[in-house]
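Architecture and fold: a report
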Amino acid sequence: MRAGSFTESVVAEIAPHLPPLPHCRAALVEGMSLTGGPALNPEVIETPRAVAARCAVATLHADGSAAHAVRVRAPRRVRYRVEIPSGGPRASAANCCRRSRLRGAFLALGWVSRPERSPHLEIPVRDAAAAAILMGDLAALEVAGSVRMRRHRPLVTVRTALAVGAALSCIGAQGGRLVYEEGRVVRDVRADVNRNLNAETANLRRTVHAAVRQLDAVARLSADPIRWNTLPPAIREAGLLRRTHPDAALAMLAQTAGISRPAMAGRLHRLVEAGSAGQPPRRPGSRW
Ligand SMILES: [Zn+2]
């Protein structure tokens, strides 16, 4: 996890809050144990996050357990291990405990993408049974989730913008949710603006290119009085209009000439053809 990541700020937001009720505290600790460790022992919490280990210890202390965190050197990074003493309170089947369990699991090992990226929240779990428990919690809280496998371990994932926002609220990260929704709006607006800008830029470029070709044709044709005078008057008029209004849109030229847009487009098209007739011929002998 990179320093200053969005995940880190969500973890920092939810870690200090101990659930006020014993059943919710039990659910929190249970959720943390679902993410598992190398031993995959349900009575042991293993997490790479010191802040999560501290939260587990504080939660267990609140119910009179003499728990403590042990720093373990794992192959690639440091982990913290907290043993869950038996005989503590039990989680209930109510939604308060479902939220608390999800919160514990996220706290121990969850990850959520930055708000401006595509929506993705995931919690690696120790086995299929753990995945089923968290999926049940998500379903009860009406958050759409799914399970996929990564390196032979299940991963509970939430992958729509709506569901990630709801999941953040469920685990108690209201501040995180606000930041997330803001980022989502920025992302959507930015995508919209870019789409419109690209379309407008393309239109503008087409218009400018066409005007340049037309002005070119007028310059070439009017430089030769004989050719200029043999042009049909309507084409000459269109050419002069273009020369007087080099930046004008087609619609404006059409309006000035008192004709329809397609008619003006046709005249300008024939003007360009006439202009390139004496040049390397595109369509020799073409008629206007
Ligand atoms: Zn509860």
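Residues numbered from 1 in each chain as written. Predicted model: local features only at pLDDT ≥ 70, side-chain atom pairs only at ≥ 80, totals over all residues. Heavy atoms only, no water.

1. A short note on the pattern of salt bridges
Stated precisely, the cut-off is as follows: Whenever a carboxyl oxygen of Asp or Glu lies within 4 Å of a side-chain nitrogen of Lys or Arg, that contact is scored as a salt bridge. A run of DSSP states H or I qualifies as a helix once it reaches four residues; a run of E qualifies as a strand once it reaches two. Both are numbered from the N-terminal end. Type-normalised accessible area, obtained with a 1.4 Å probe on protein chains alone, sets the label of each residue: buried when under 20%, exposed when over 50%, and partly exposed for intermediate values.
Per the stated rule, a full pass over the model turns up 13 salt bridges. A salt bridge links Glu122 to Arg150, with the shortest nitrogen-to-oxygen separation between them at 3.0 Å. One end of the pair, Glu122, is in strand S5 (residues 121-124); the other, Arg150, is in strand S6 (residues 146-150), with 28 residues separating them in the sequence. Overall, Glu122 belongs to the buried group, its relative accessible area being 7%. As a salt-bridge pair, Arg220 and Asp216 come within 2.9 Å of each other at their nearest N and O atoms. With Arg220 and Asp216 both in helix H7 (residues 174-222), this residue pair falls four residues apart, about one helical turn. Judged by relative accessible area, Arg220 falls into the partly exposed class, the value being 28%. Judged by relative accessible area, which is 40%, Asp216 ranks as partly exposed. Among the ionic contacts, a cluster of salt bridges with common partners joins Glu30, Arg98, Arg101 and Asp137.

2. Let's talk about the UniProt feature "domain: Sporulation regulator WhiA C-terminal" (unreviewed entry) in the protein chain
Counted only if it meets this: UniProt positions are given in the numbering used here, feature names are shortened, and annotations may be inferred rather than shown by experiment.
The feature "domain: Sporulation regulator WhiA C-terminal" (unreviewed entry), as given by UniProt, occupies residues 193-273 in the numbering adopted here. Taken end to end, residues 193-273 is 85% helix and 0% strand, and its two terminal C-alpha atoms sit 37 Å from one another.

3. What to know about a nonpolar patch on the surface
Basically, it comes down to this: Patch building starts from residues that exceed 30% relative accessible area and form no salt bridge, then joins like charges within 9 Å and nonpolar side chains (Val, Leu, Ile, Met, Phe, Trp, Tyr) within 5 Å. To measure how exposed things are, a 1.4 Å probe is used in the Shrake-Rupley method; for residues, cover is taken only from the protein chains shown.
On the surface, a nonpolar cluster with roughly 330 Å² of combined accessible area is contributed by Val185, Val189, Val193 and Leu197. In this fold, Leu197 is placed in helix H7.

4. So, the coordination of the zinc ion
For a metal bound by four donors in tetrahedral geometry, the ideal donor-metal-donor angle is 109.5 degrees, whereas six donors in octahedral geometry ideally sit at 90 or 180 degrees. Test applied: Donor selection uses N, O and S atoms within 2.8 Å of the metal (3.2 Å for Na, K and Ca). Since no water is included, sites may look incomplete. A four-donor site is classed as tetrahedral when every donor-metal-donor angle falls between 85 and 135 degrees; four donors are called square planar, and six octahedral, when trans pairs exceed 155 degrees and all remaining angles lie between 65 and 115, with any other arrangement labelled irregular.
Protein-derived ligands of the zinc ion are His23 (ND1), Cys24 (SG), Cys96 (SG) and Cys97 (SG), with the metal-ligand distances lying across 2.2 to 2.4 Å. Coordination at the zinc ion comes from four donor atoms whose angles at the metal span 95 to 126°, giving a geometry best classed as tetrahedral. Every donor residue of the zinc ion comes from the same chain, spaced as H-C-x71-C-C. Given the relative accessible area of 0%, Cys97 is considered buried.

5. Observations regarding the sheet that holds S6
So the rule is basically this: Between any two strands, pairing holds if DSSP finds at least two bridges. Contact between two residues is taken to exist if any of their heavy atoms lie within 4.5 Å; hydrogens are not considered. Comment: axis = line fitted to C-alpha atoms, over the contacting stretch for helices; angle = value between 0 and 180 degrees taken between N-to-C directions.
Read across the sheet, four strands follow the order S4-S5-S7-S6 without closing on themselves; strand pairing throughout is antiparallel. Both edges of this open sheet fall to strand S4 (111-112) and S6, since each of them pairs with a single strand only. Pairing of S6 with strand S7 (residues 153-158), which is carried by five bridges, proceeds in the antiparallel orientation. Pairing of Arg150 across the sheet is with Arg153, part of S7. Here helix H4 (residues 95-109) sits on the sheet in contact with S4, S5 and S7, set at roughly 85° to S5.

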